[in-house]
Amino acid sequence: MKHNFGAGPGILPHEVLKQAAAGVIDFNGTGLSILEISHRAPEFEAVLNEAVKLVKELFEVPEGYSVLFLQGGASMQFAMAPYNLLPEGGKAAYVESGVWANKALKEAKNFGEVEVVATSKESNFTYIPKDFTIPADAAYLHITSNNTIYGTQMHAFPKSPVPLVCDMSSDIFSRKINVADFGLIYAGAQKNMGPAGVTLVIVKDDILGKTGRKIPAMLNYQTQIEGGSMYNTPPVFAIYVSMLTLNWLKSKGGVEAIEKENKAKSAVLYEEIERNPLFKPVCATEDRSDMNVTFVVNNPEHEKPFLKLCDEKGIVGIKGHRSVGGFRASIYNALPITSFYVLIDAMREFAEKNK
Ligand SMILES: *Cc1c(COP(=O)(O)O)cnc(C)c1O
């Protein structure tokens, strides 16, 4: 068995994989595979409805919001958000807290003026920019709740006078949030919510339809809302597996319970990084992520042997992103506590060996 610390597509609960595998052969006793049923079949409509219901339940989504399952990944949302929200000649505000945020703001420049209100680029994104002014004439403020590559996380969200648009790809459903604070939330499923191929969107209905711009049907939130995420054939299997994963989360006690676990896990790992003489953390203490834990070795000669030790122990996906180096342990919701301690033990063993 492998211990999967990969950043994405990330680990899924083992029970979910078993259910998904069974559904590929015979979906709910229909005698058909989930891969070969009509998306208009009542059996699939039930899956989609259940997925939407679980999102609403787990996040306590208030009235006035729509929940969508779209394609194109978070990267499509980088364009879709400004397309739908940034009026011709208007302005949008962006916090540049990492490479994904940078990609989002670059895409927005195709649609109007972009004001980068804060950046941590000069430090290679080792902290979350905090003191900034949000222009009241901006159409929205775009933020990234968790910076997957660098291992920083917004533990408090800015109080914004304009709608808050948030890329939650790598910490969606890892912690409680107040949906009412946001105008638009989006997340590629493949980090913490399901398999690749589907993107969750939670959008406040009354922020739409204000750009005066013609929007292609597939890229228009309104069309997707009216079509109930089925304007065209939706990614049936990815939605199915996301639904199973959300259901698993609910059975674990929901977002509040997993948040406690996630916080406990990350605390143990950061403590080990601090304590262990061979390693050191990368990011500002107060901004450290509970999902993607980045760290480096004090002595560069230790990097390869530690990776080798991890490999021997079945630890995979631990190598840091090329723009940060070192290591990144993604400790998503589905990571079993046993796998987590295999990593902690490997770090301790490595320190013993290299005294
Ligand atoms: C992975 C990731 C993306 C890109 O997601 P795609 O679904 O591949 O487009 C965007 N933002 C964040 C924060 C990510 O972690």
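The sections below set out a description of the structure shown in this document.

Criteria and cut-off values
- Residues numbered from 1 in each chain as written.
- Predicted model: local features only at pLDDT ≥ 70, side-chain atom pairs only at ≥ 80, totals over all residues.
- Heavy atoms only, no water.
- Core = buried A, V, L, I, M, F, W, Y, C linked by side-chain atoms within 4.5 Å.
- Buried < 20%, exposed > 50% of the residue type's maximum accessible area, 1.4 Å probe, protein only.
- Helix = DSSP H or I, 4+ residues; strand = E, 2+ residues; numbered from the N terminus.
- Domains from an automatic or database assignment.
- Near = heavy atom within 4 Å.
- Polar contact = N/O pair within 3.5 Å; in protein donor to acceptor, adjacent residues only side chain to side chain.
- Areas by Shrake-Rupley, 256 points an atom, 1.4 Å probe, with all protein chains shown as cover.
- 1 Å grid on protein atoms, 1.4 Å probe; cavity = no way out; pocket = protein on both sides within 12 Å on 5 of 7 lines; lining within 4 Å.
- Sits in = over half its atoms within 2 Å of the grid points.
- Expected span 1.5 Å × (residues − 1).
- Arc of directions from axis to C-beta.
- Pairing = 2+ DSSP bridges.
- Axes fitted to C-alpha atoms, helices over the stretch in contact; angles between N-to-C directions.
- Contact = heavy atoms within 4.5 Å.
- Points joined across faces, edges and corners; volume = space filled by probe spheres on them.
- Nonpolar A, V, L, I, M, F, W, Y, C, P; charged D, E, K, R; others polar.
- Right-handed = clockwise from strand over helix to strand, strands pointing away.

Here the focus is the nonpolar core. Within the largest apolar cluster, 89 residues are counted, with the highest numbers of intra-cluster contacts made by F69, L141, F173, I202, L269, F279 and F306. At 10 residues, the largest contribution of residues to this core is made by helix α6 (residues 236-251). Both domains that meet at this core, namely domain 1 (14-251) and domain 2 (254-353), each give it at least three residues. Among the nonpolar cores identified, the runner-up in size contains 27 residues, and Y94, A104, L105 and V201 belong to it.

Here we take up the environment of V61. Tracing the backbone shows V61 in the loop between α2 (42-59) and β2 (65-70). Judged by relative accessible area, which is 13%, V61 ranks as buried.

Lining the immediate surroundings of the ligand are 13 residues, of which S75, T148, D167, Q190 and K191 lie closest. Here T148 contributes a side-chain N or O atom positioned 2.4 Å from an oxygen atom of the ligand. The side chain of D167 places a nitrogen or oxygen atom 2.6 Å from a nitrogen atom of the ligand. When the ligand sits alone it has 390 Å² of accessible area, and the protein chains cover 88% of it. The cavity where the ligand resides is the largest pocket.

Bringing helix α7 (residues 254-275) into the picture now. With 22 residues, α7 should cover 32 Å at 1.5 Å per step; its first-to-last C-alpha distance of 32 Å lies within 8% of that length. Residues of α7 that are buried: G254, V255, I258, N262, K265, S266, L269, Y270, E272 and I273. Seen from one end, α7 has its buried residues packed into an arc of 150°, which puts them on one side. Projecting away from the buried face of α7 at angles above 90 degrees are the exposed residues K260 and E271.

A few words now on the sheet that holds β2. Judged by pairing direction, the sheet is mixed, and its seven strands sit side by side in the order β2-β10-β9-β8-β5-β3-β4 without closing on themselves. Among the strands making up the open sheet, the edge pair consists of β2 and β4 (113-119). Along the sheet, successive strands turn relative to each other by an average axial angle of 20°, direction set aside. Sheet strands touched by helix α3 (residues 73-85): β2, β3 (91-96), β8 (164-167), β9 (184-188) and β10 (199-204). Its angle to β9, the strand with the most contacts, is close to 160°. In this fold helix α4 (residues 99-108) packs onto β3, β4, β5 (141-144), β8 and β9, with an angle of close to 165° to the strand it touches most, β3.

This next bit is on the layout of surface pockets. With a probe scaled to a water molecule rolled over the atoms, the places where space remains empty come into view. Approximately 260 Å³ is the volume attributed to the largest pocket. Forming the boundary of the largest pocket are 20 residues, of which W100, T148, S169, Q190 and K191 lie nearest the centre. Here the lining of the largest pocket takes four residues from α3, the largest share from any one element. When the residues that make up the lining of the largest pocket are grouped by side-chain class, the tally is six nonpolar, 11 polar and three charged.

Here we come to the sheet that holds strand β14 (residues 327-330). In space, the three strands of this open sheet follow the order β11-β12-β14, with antiparallel pairing throughout. Edge positions in the open sheet fall to β11 (279-281) and β14, since each of these has one partner strand only. For this sheet the average axis-to-axis angle between neighbouring strands, irrespective of direction, equals 35°. Relative to β14, helix α8 (residues 303-312) is tilted by about 30°, and along the sheet it contacts β11, β12 (292-297) and β14.

Turning to the pairing of β8, a few remarks are in order. Because side chains alternate across β8, one face comprises the buried residues L164 and C166, and the other comprises V165 and D167, equally buried. When β8 meets β9, the two strands line up parallel, connected through three bridges. Bridge assignment links D167 to a residue of β9, and that residue is Y186.

Take the pairing of β4 next. Sheet topology note: the β3/β4 ladder contains six bridges and is parallel. Of the residues in β4, the one forming a bridge with A93 is E115. For the segment spanning β3, α4 and β4, crossover handedness is right-handed.

The next subject is empty space enclosed by the protein. Applying the stated rule across the entire model yields two cavities of 30 Å³ or more. Each pocket or cavity is described by its volume, and for the largest cavity that value is around 80 Å³. N192, M193, T245, W248 and N333 are the residues nearest the centre of the largest cavity, which is lined by 13 residues in total. Residues of the lining of the largest cavity, tallied by class, amount to nine nonpolar, four polar and no charged. For the second largest cavity, the calculated volume is near 30 Å³. Every residue along the wall of the second largest cavity is listed here: Q153, S174, R175, E259, N262, K263 and D290. Considering every element that reaches the lining of the second largest cavity, the biggest residue donor is α7, with three residues. For the lining of the second largest cavity, the per-class residue count stands at no nonpolar, three polar and four charged. Each of domain 1 (14-251) and domain 2 (254-353) gives at least three residues to the lining of the second largest cavity.

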